[in-house]
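# What the coordinates show
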Amino acid sequence: MSASDDDLPLAGVRVIDLTRLLPGPFATLHLRRLGADVLKIEAPGTGDEARWMLRSVQDVAQGRPSLFFRWLHEGKRLHRIDLTQPAGRFELLDLVRQADVLVEGFRPGVMDKLGVGWSVLRDVNPRLVMASISGYGQTGPFARKAGHDLNYIGYAGVLDQIATREGQLAIPNFQIGDLLGGTQAAVSGILAALLAAQRTGRGRHVDVSMTHAVFEHNLLARLAVSATGRTPLPGRDLLTGGVPCYNVYRTSDDRWMAVGALELKFWRKTCEVLGHPEWGDRHWSLGQEIGGEDAMALREAVAAVFATRSQAQWTAAFEAADCCVSPVLRMDEAMRHPLFMQSQ
C-alpha cells in the first residue's frame, strides 16, 4: 500500500473476498479503491471463472488471465484455499479472526455446508461484517434458484421498461442487476455495517438480493402503478419518450443526440438552437399531454430538424447552450472524452 493510501477512508480495513465473476469482485474493488486491504481467495484448479472469460489471443499467448479478471482484481492480494478440506476451513477461520469484512457470492446454504457460515464466523470474530450477494436473497422461495442479470431485471420489472414504442425489448449491455443490485448494494450495506461495528463492536450479516435491490430502485415505474394502477408504456411516459423535450434524436450521419431538456427553461433554449423558438411553449409543464397527439407530432418535427445535421455539428451548436442536450457517445469515444480522462 502506498503512502497516499494511508489517507483513504478504508485504510486499515481488511477484507476477505470469496466471490467470483462480476458483482462481488467489483464490490471489493470499490473497497480496495477506498483503501481497504483485499485478500482475494480462489479455489484450487481453475479458480475464478472470470480468469477465462473474454480472454484474448494475446492473453493466452502470454499465459495470463483475461483483462476482465485483471481489472476486477487490481491491487488485491491473491490466494488459494480449498474450503472443501478441513485444512482450508481452518485457514479461512484464522484469516477471519483478523478481518473486518468477508464477502461471498455462493448460493444460499453453501457457506453453512462448508462449515463456515455466518454463525461460525460470528463466533470466531463478533465484529465481522459478512456480506452475501445472491440473486434472490438468503431466504424465500427463490433463495436457491439459479439466475443471471437478465433474469433479475426481468423479475424486477426493469427489462419490460427497456423497450421501443412498439414493445420490442432491448438487452442492455450494462448489467443492471449485477452492478446496481449486487455491487452497489453490497458496498453501501458493507459500509453501513462497518460503521455500526465501529460504534457497537457488533458485526452483522448483510443479505444482498440483486433482484430485490433492483426492484426497490425501479422507483418511477412502481410509483406509476401505485398512482394509476397501470404499468408505464415505454415511449409514452414522461421519461421514456412521451415528450419531445426528453428524447433521443437521430442525426444525418446515423448517430444520436440526447435531449434532456425536461425543465421549461431548458426546452426553450433548445428550441432556440434548433431554430424554432415558437416550439418553446409546447411543453408538458404548460399542459401538453404526455404521450398525446401534440407531443408525438412535435417529437416528429424535432426529429426532422435533427436529421438535417451530423452529430458533430449538433454537438458544436449546443456546446455553448446550457440546456441539457448532449451527443450519445460510443464507449471508445467516452473513454477518450475529457470528462473521463482524469478518472482512468
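Let me begin by describing the structure that accompanies this report. (Residues numbered from 1 in each chain as written. Predicted model: local features only at pLDDT ≥ 70, side-chain atom pairs only at ≥ 80, totals over all residues. Heavy atoms only, no water.)

## Regarding the overall build of the chain
Rules: The helix count covers DSSP runs of H or I at least four residues long, the strand count covers runs of E at least two residues long, and both are numbered beginning at the N terminus. Partly exposed describes any residue whose relative accessible area lies between the buried limit of under 20% and the exposed limit of over 50%, with all areas from a 1.4 Å probe on protein chains only and scaled to the type maximum. The contact definition used throughout considers only heavy atoms, calling two residues in contact when any of these lie within 4.5 Å. Using the Shrake-Rupley algorithm and a 1.4 Å probe, accessible areas are obtained, with residue cover drawn only from the displayed protein chains. Positive residues here are Lys and Arg, negative ones are Asp and Glu, while His and the chain termini are left out of the count. Working definition for charges: the position is that of NZ of Lys, CZ of Arg, CG of Asp or CD of Glu.
The number of helices and strands found in the chain is 15 helices and nine strands. Counting only residues that meet the buried cut, the chain has 42% of its 344 residues in that class. In the chain, the share of contacts with a sequence separation of at least 24, taken over all contacts with a separation of at least 6, comes to 64%. Looking at the chain as shown, the accessible area adds up to about 18,700 Å², and 56% of this sits on carbon and sulfur atoms. Distance from the positive charge centre (37 side chains) to the negative charge centre (38 side chains) of the chain: 5 Å.

## Let's talk about the nonpolar core
Condition: Buried residues of nine kinds, namely Ala, Val, Leu, Ile, Met, Phe, Trp, Tyr and Cys, make up a nonpolar core once their side-chain atoms join them within 4.5 Å.
Ranked by size, the top nonpolar core spans 23 residues in total, and within it Val15 and Val101 carry the most contacts. Among the secondary structure elements, those contributing two or more residues to this core are α1 (23–33), β4 (101–104), β5 (129–134), α8 (176–200) and β6 (204–209). Look past the residues within four positions of valine 15 in its chain and what remains in contact with it is Thr28, Leu31, Ala36, Asp37, Val38, Leu39, Val101 and Val103. With 20 residues, the next largest nonpolar core counts Val243, Phe266, Trp267 and Cys271 among its residues.

## Some details on the pattern of salt bridges
Threshold: The term salt bridge refers to a side-chain nitrogen of Lys or Arg lying within 4 Å of a carboxyl oxygen of Asp or Glu.
Scanning the entire structure with this criterion turns up 20 salt bridges. Between aspartate 254 and arginine 250 there is a salt bridge; the shortest N-O distance is 3.6 Å. Among the residues examined, aspartate 254 registers a relative accessible area of 53% and is labelled exposed. Classification of arginine 250 as partly exposed rests on a relative accessible area of 41%. The partner of arginine 268 in a salt bridge is aspartate 281, and the shortest N-O contact between them spans 2.5 Å. Residue arginine 268 is located in helix α11 (residues 264–274), and its partner aspartate 281 is located in the loop between α11 and α12 (293–306); the two are separated by 13 residues in the primary sequence. One connected set of salt bridges, linked through shared partners, spans Arg255, Arg330, Asp332, Glu333 and Arg336.

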